[in-house]
Amino acid sequence: MIRALMTVLLFWGSAAAAEAMKLAVTTSFHNSGLSDVLLPVIAEETGIEVQLLVVGTGQALRLGQAGDVDAILVHSKAAEEAFVAGGHGTRRTEIMYNDFVVVGPADDPAGIKDAATAVEALQRIAKAQGSFVSRGDDSGTHKKELSLWQAVGQEAEGAWYKPVGAGMGAALNTASGLDAYILSDRASWLNFGNKGGLALLFEGDPALFNQYAYLPVNPVRHPHAKADAADRLEGWLTSDKAAELINGYTINGEPLFVFNAR
């Protein structure tokens, strides 16, 4: 399961000098490049060596349920609330947000550029049977995509619909290779280097809002969980320094995330 979702374990800081904790994060968070900015400062200011397990939201939640990580940072509100309600996490703290966008061939054969809503954009893609790459991996992005198809009122299926069971970067690479439409978080799209003939075609629908939240694993259920380190990390993630770095992280002058910790 972990192999299929291409889990990546990344180590930061000096193990000899820092207390280590495991944090499951979404591939979109890592692909954005923001982790490269935040983790060295976290290590310096808190003494915590954050070890990232980079997976989709669904897999991150399952790692938390199993007690295989100390906290998770993901982006699917309903699933997060169910995680806490089920006693797997102690709380849900919102940290930052961006939005989803629909990317596709620059010539836009399905004509989604002037769609009024994201649902209408997907309706047009389905009607035109324009190639559409789905992450198909139970990630937060995949969950958002499925909710949009549900609102469309039809099953996304057929030769034009291509689930890949992969992270955001790999899915974008597939879309680039196939000149296909895809739902992406804005940060991953902006940081994606293999755009090929793809362009950002649809954005701005409030339905595409994308909130990221932090959930410590419940130490009562998993006594080995490093609750103190998880609490200290949460304190840093909601700090003025975190706000400065998150709001200040840009690509070509465009911010990738907006801090809204509460």
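Residues numbered from 1 in each chain as written. Predicted model: local features only at pLDDT ≥ 70, side-chain atom pairs only at ≥ 80, totals over all residues. Heavy atoms only, no water.

On to the packing of aromatic side chains, then. Each pair of aromatic rings is reported with the distance of its centres and the angle of its planes. For the coordinates displayed, the defined rule picks out eight aromatic pairs. Between Phe132 and Tyr161, the ring centres sit 5.9 Å apart and the planes meet at 5°, which makes this aromatic pair stacked. Note that Phe132 is positioned in strand β6 (residues 132–134) and Tyr161 in strand β7 (residues 161–163), a separation of 29 residues in sequence. In this pair, the class of Phe132 matches that of Tyr161, namely buried. The side chain of Lys195 reaches across the aromatic face of Trp189, ending 4.7 Å from its centre. (Phe/Tyr/Trp six-rings, centres within 6.5 Å; stacked < 30°, edge-to-face > 60°. Helix = DSSP H or I, 4+ residues; strand = E, 2+ residues; numbered from the N terminus. Buried < 20%, exposed > 50% of the residue type's maximum accessible area, 1.4 Å probe, protein only. Lys NZ or Arg CZ within 6 Å of the ring centre and 35° of its normal.)

Quick look at the packing of helix α5 (residues 118–128) against helix α6 (residues 140–152) now. Look at α5 against α6: their axes get within 9 Å of each other, and the N-to-C directions meet at 80°. Judged by the inter-axis angle, α5 sits roughly perpendicular to α6. For the pair α5 and α6, contact is made by Ala118, Val119, Leu122, Gln123 and Ala126 and by Leu148, Trp149, Ala151 and Val152, respectively. Its residues assigned to classes, the contact of α5 with α6 shows eight nonpolar, one polar and no charged. (Axes fitted to C-alpha atoms, helices over the stretch in contact; angles between N-to-C directions. Parallel < 35°, antiparallel > 145°, perpendicular 65-115°, else oblique. Contact = heavy atoms within 4.5 Å. Nonpolar A, V, L, I, M, F, W, Y, C, P; charged D, E, K, R; others polar.)

Another aspect to go through is the pattern of salt bridges. If the charged atoms of two oppositely charged side chains come close together, the side chains can form a pair. Using the criterion set out here, one finds 15 salt bridges in the structure. A salt bridge links Asp138 to Arg62; the shortest N-O distance between them is 3.0 Å. In this pair, Asp138 is assigned in the loop between β6 and α6 and Arg62 in helix α3 (residues 57–66), connecting sequence segments 76 residues apart. Salt bridges here are not isolated pairs; linked through shared partners, they connect Asp99, Arg186, Glu203 and Glu254. (Salt bridge = Lys/Arg side-chain N within 4 Å of Asp/Glu carboxyl O.)

Grouped together as the largest cluster of nonpolar side chains are 47 residues, with contacts concentrated most on Leu23, Leu38, Tyr214, Leu233 and Ile246. Formed by 22 residues, the second largest nonpolar core is a distinct cluster that contains Ile112, Ile125, Leu148 and Phe202. (Core = buried A, V, L, I, M, F, W, Y, C linked by side-chain atoms within 4.5 Å.)

Our focus in this paragraph is the pairing of strand β5 (residues 93–105). For a regular strand, side chains alternate in direction, first toward one face of the sheet and then toward the other. In terms of burial, β5 is a largely internal element, 12 of the 13 residues being buried. Relative to strand β13 (residues 258–259), β5 runs antiparallel, the two being bridged by two bridges. When the sheet's bridge partners are listed, Tyr97 is paired in β13 with Val258. (Pairing = 2+ DSSP bridges.)

Another aspect to go through is unusual backbone geometry. Note: most residues except glycine have negative phi, and most peptide bonds are trans. Positioned with a positive phi, Asp108 is a non-glycine residue whose angle comes to about 50°. Relative to the elements of secondary structure, Asp108 occurs in the loop between β5 and α5. In this structure, Asp179 is a non-glycine residue whose phi angle is positive, near 55°. By the element assignment, Asp179 lies in the loop between α7 (168–178) and β8 (181–185).

At a closest axis distance of 11 Å, the pairing of helix α2 (residues 34–46) and helix α9 (residues 227–237) adopts a crossing angle of 115°. Between α2 and α9 lies a crossing of right-handed hand. Facing Leu38, Val41, Ile42, Glu45 and Thr46 of α2, the residues of α9 in contact are Arg232, Leu233 and Trp236. (Left-handed = near helix turned anticlockwise from the far one by under 90°.)

The side-chain alternation of strand β4 (residues 71–74) yields two buried faces, one formed by Ala71 and Leu73 and the other by Ile72 and Val74. Pairing geometry for strand β2 (residues 19–26) and β4, over three bridges, is parallel. Across the sheet, residue Leu23 finds its bridge partner in β4, namely Ala71. Examined bridge by bridge, β4 and strand β10 (residues 209–216) share four bridges and lie antiparallel to one another. Bridging from a neighbouring strand, Ala71 pairs with Pro216 of β10.

For α3, the buried fraction is high: seven of the 10 residues fall into the buried class. Residues of α3 that are buried: Thr57, Gly58, Gln59, Ala60, Leu61, Leu63 and Gly64. Packed against the buried residues of α3 are β2, β3 (48–55), β4, α4 (77–85) and α6. Just downstream of α3, Gly67 is the residue with a positive phi angle, here 75°.

Mapped onto the elements, Ser28 comes out in helix α1 (residues 27–31). Overall, the relative accessible area of 0% leaves Ser28 in the buried class. Within the local environment of Ser28, its side chain forms a polar contact with the side chain of Tyr212, the two groups lying 3.0 Å apart. In this view, Ser28 contacts His75, Asp185, Ser188 and Tyr212; residues no more than four positions away in its chain are not counted. (Polar contact = N/O pair within 3.5 Å; in protein donor to acceptor, adjacent residues only side chain to side chain.)

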